[in-house]
Amino acid sequence: MSIGLIVNLMRGAVFQVFILCAPVLGAALIVGLIVAIFQATTSIQEQTLTFLPKMLVILLILALFGGWMFSMMGNYTVNLFSQIRNIS
């Protein structure tokens, strides 16, 4: 097993994690920013106000993109297991 192969496998794994986390983290970031702007303009400083909208949006994103995320991870896993026979 060469160093290049290990680096390539790790690069693919990190890229896969970034791709799978991007929709959820992006949506949470946008909702958090909107709620923070709302709190700043209305002077409402309730800490729990940011929790519920973020949680609902994350659940919605997971419901919408869950199948795509599962298929991406399944394809990556199948590809990774198919490369095992090439490693010697």
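Scroll up a little and you will see the structure.
Residues numbered from 1 in each chain as written. Predicted model: local features only at pLDDT ≥ 70, side-chain atom pairs only at ≥ 80, totals over all residues. Heavy atoms only, no water.

> Let's hear about the overall build of the chain: which residues, and what values?
Within the chain, the secondary structure is distributed over 2 helices and 0 strands. Its C-alpha atoms give the chain a radius of gyration of 19 Å, more than 25% over the compact-globule value 12 Å for 88 residues. Along the three orthogonal principal directions, the C-alpha set of the chain runs to about 65 × 25 × 15 Å. Residues classed as buried in the chain amount to 15% of the 88 residues present. The long-range share in the chain, meaning contacts at least 24 apart out of those at least 6 apart in sequence, stands at 69%. (Helix = DSSP H or I, 4+ residues; strand = E, 2+ residues; numbered from the N terminus. Rg over C-alpha atoms; globule rule 2.2 N^0.38 Å. Buried < 20%, exposed > 50% of the residue type's maximum accessible area, 1.4 Å probe, protein only. Contact = heavy atoms within 4.5 Å.)

> I'd like a rundown of unusual backbone geometry, residues and numbers included.
Notably, S43 is not glycine yet its phi reads approximately 60°, a positive angle. Here S43 shows up in the loop between helix 1 (3-42) and helix 2 (51-82). On the accessibility criterion, S43 (59% relative accessible area) is exposed.

> Quick one: what's the story with the environment of S2, residue by residue and with numbers?
Looking at where S2 falls in the secondary structure, it is placed in the segment before helix 1. A C-alpha to C-alpha distance of 9.0 Å links S2 and I87, two positions 85 residues apart in sequence. A polar contact is formed between the side chain of S2 and the backbone nitrogen of L5, at a distance of 3.3 Å. (Polar contact = N/O pair within 3.5 Å; in protein donor to acceptor, adjacent residues only side chain to side chain.)

> Explain the packing of aromatic side chains to me, and be specific about the residues and the numbers.
Applying the stated criterion to the full structure yields 1 aromatic pair. Seen from their ring centres, F65 and W68 are 6.3 Å apart, and the 70° between their planes marks the pair as edge-to-face. Here W68 and F65 lie together in helix 2, a separation of 3 residues that amounts to about one turn. F65 gets classed as partly exposed once you look at its relative accessible area, which sits at 34%. (Phe/Tyr/Trp six-rings, centres within 6.5 Å; stacked < 30°, edge-to-face > 60°.)

> How would you explain the nonpolar core if you had to name every residue and give the values?
Counting residues in hydrophobic clusters, the biggest one holds 5 residues: L20, V24, A27, I61 and M69. Contributing elements (two or more residues each) for this core: helix 1 and helix 2. Of the residues forming this core, the biggest block, 3 residues, is contributed by helix 1. Setting aside residues no more than four positions away along its own chain, M69 makes contact with L20, P23, V24 and L62. (Core = buried A, V, L, I, M, F, W, Y, C linked by side-chain atoms within 4.5 Å.)

> Outline the side chain of Q39, supporting the account with residue identities and numerical values.
Looking at the secondary structure, you find Q39 in helix 1. Accessibility expressed as a relative area gives 9% for Q39, which makes it buried. Discounting residues that sit within four places of it in the chain, Q39 has contacts with I44, Q45, E46, L49 and T50.

> Requested: an account of helix 2, with residues and values cited.
The principal kink in helix 2, of about 60°, is found at F65. Those residues of helix 2 that sit buried are I61, M69 and Y76. On its buried face, helix 2 sits against helix 1. (Bend = angle between axes of the 7 residues up to and from the residue.)

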